[in-house]
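Below are the chains, spelled out letter by letter.
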Amino acid sequence: MPFSLSLPRIAGIALATVTLAACSGGPSAQLPPATVSTTSEAPVDDYVLGPLDQITIHVWRNPELSAEDIQVRPDGRITIPLVRDLVAVGKTPSELETDITERLSQYIEQPIVSVIVNEFNGALPQQIRITGAGAQPAALPYRAGMTALDAMIAVGGLGEFAAGNRATLTRYNVETSSSEEYRLRLKDLLNRGDASANVALKPGDTISIPESRF
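This text gives an overview of the structure that appears in the document. (Residues numbered from 1 in each chain as written. Predicted model: local features only at pLDDT ≥ 70, side-chain atom pairs only at ≥ 80, totals over all residues. Heavy atoms only, no water.)

1. Some remarks on the overall build of the protein
Alright, step 1. Helix and strand content of the protein: four helices and ten strands.
Alright, step 2. Across the 214 residues of the protein, 34% fall into the buried class.
Alright, step 3. Of all intrachain contacts in the protein linking residues separated by at least 6 positions in sequence, the fraction that spans at least 24 positions is 53%. (Helix = DSSP H or I, 4+ residues; strand = E, 2+ residues; numbered from the N terminus. Buried < 20%, exposed > 50% of the residue type's maximum accessible area, 1.4 Å probe, protein only. Contact = heavy atoms within 4.5 Å.)

What follows is the structure, given as structure tokens:
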């Protein structure tokens, strides 16, 4: 007697197969390999100040109002002569220059202010986070052209028990207002020198590295 399946039963088996495949592992989507460009990379968005950034503020012809190596406080504010508790976090250096100029205009005529960033941490949406079984999990300031290899070198590579080829990258998609997850092959990248496993990073990316299953 020939064996046959009805269409509803076939559809049910197919759906179950897809469901099991989706649940059996992590994300299957992979990002394209990072490309090496011989030309200058286009500049990214203006740098946004973050907590613990260190800046120098220069007021032309008013050295007594200038300040060197000012650290942005954890609450996101700075204090300089004649300007107290000014919000710096979330602003570009140019925007902070404008705010300081407005405050100082109450005391001196036409102040000319320059803001220079000495040490970078970056605002939270501009950082790259490495969590889990990395050698030194950390939050890194994003820089133009940054790749997964750059980030892993900065944190000392993989930890002793890291499952590098089961790592994932989580990226927020502004167009869909949702987070997307991609598979990374960090073990192939770091231990085997597989350049195809290196991917370009974007501000706000999070790399999660699980531990090996024994």
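From this point on, the discussion continues.
2. Topic: the side chain of Gln 54
Alright, step 1. For Gln 54, the location among the structural elements is in strand S1 (residues 54-59).
Alright, step 2. Taking the relative accessible area as the measure of exposure, Gln 54 reaches 18% and is therefore buried.
Alright, step 3. In contact with Gln 54, other than residues within four places in its own chain, are Asp 69, Ile 70, Gln 71, Ile 116, Val 117, Asn 118 and Glu 119.

3. Some points on the pattern of salt bridges
Alright, step 1. Per the stated rule, a full pass over the model turns up eight salt bridges.
Alright, step 2. Note that Arg 143 is salt-bridged to Asp 150, the shortest N-O span being 3.5 Å.
Alright, step 3. The class for Asp 150 is partly exposed, based on a relative accessible area of 24%.
Alright, step 4. The salt bridge partner of Arg 171 is Asp 205, with a shortest N-O separation of 2.7 Å. Taken as a pair, Arg 171 in strand S8 (residues 167-173) and Asp 205 in the loop between helix H4 (186-191) and strand S10 (206-209) lie far apart in primary sequence, 34 residues in all. Neither Arg 171 nor Asp 205 differs from the other in exposure class; each is buried.
Alright, step 5. Salt bridges linked by common partners bring Arg 185, Asp 188, Arg 192 and Asp 194 together as one network. (Salt bridge = Lys/Arg side-chain N within 4 Å of Asp/Glu carboxyl O.)

4. Notes on the nonpolar core
Alright, step 1. Judged by nonpolar contacts, the single largest core of 23 residues is most densely connected at Ile 130, Leu 169, Leu 186, Leu 201, Ile 207 and Ile 209.
Alright, step 2. When residues of this core are traced back to their parent elements, those giving at least two are strand S6 (127-132), helix H3 (148-154), S8, strand S9 (178-184), H4 and S10.
Alright, step 3. The biggest single contributor to this core is H3, with three residues.
Alright, step 4. Not counting chain neighbours up to four residues away, the residues in contact with Ile 209 comprise Ile 130, Thr 131, Gly 132, Ala 133, Gly 134, Met 152, Leu 158, Ala 162, Ala 163, Ala 167 and Leu 186.
Alright, step 5. One finds Val 83, Ala 88, Ile 100 and Val 115 within the second-largest nonpolar core, a separate group that totals 19 residues. (Core = buried A, V, L, I, M, F, W, Y, C linked by side-chain atoms within 4.5 Å.)

5. A few points about the sheet that holds S8
Consider a sheet: its strands pair through backbone hydrogen bonds, and that pairing is either parallel or antiparallel.
Alright, step 1. One open sheet holds the five strands; their spatial order is S7-S6-S10-S8-S9, and the pairing between them is mixed. What marks the edges here is a single partner per strand, and that holds for strand S7 (138-141) and S9. Direction aside, neighbouring strands of the sheet carry axes that sit 20° apart on average.
Alright, step 2. Where S8 lies against S10, three bridges are found, and the strand directions are antiparallel. Bridge pairing links Leu 169 to Ile 207 in S10. (Pairing = 2+ DSSP bridges. Axes fitted to C-alpha atoms, helices over the stretch in contact; angles between N-to-C directions.)

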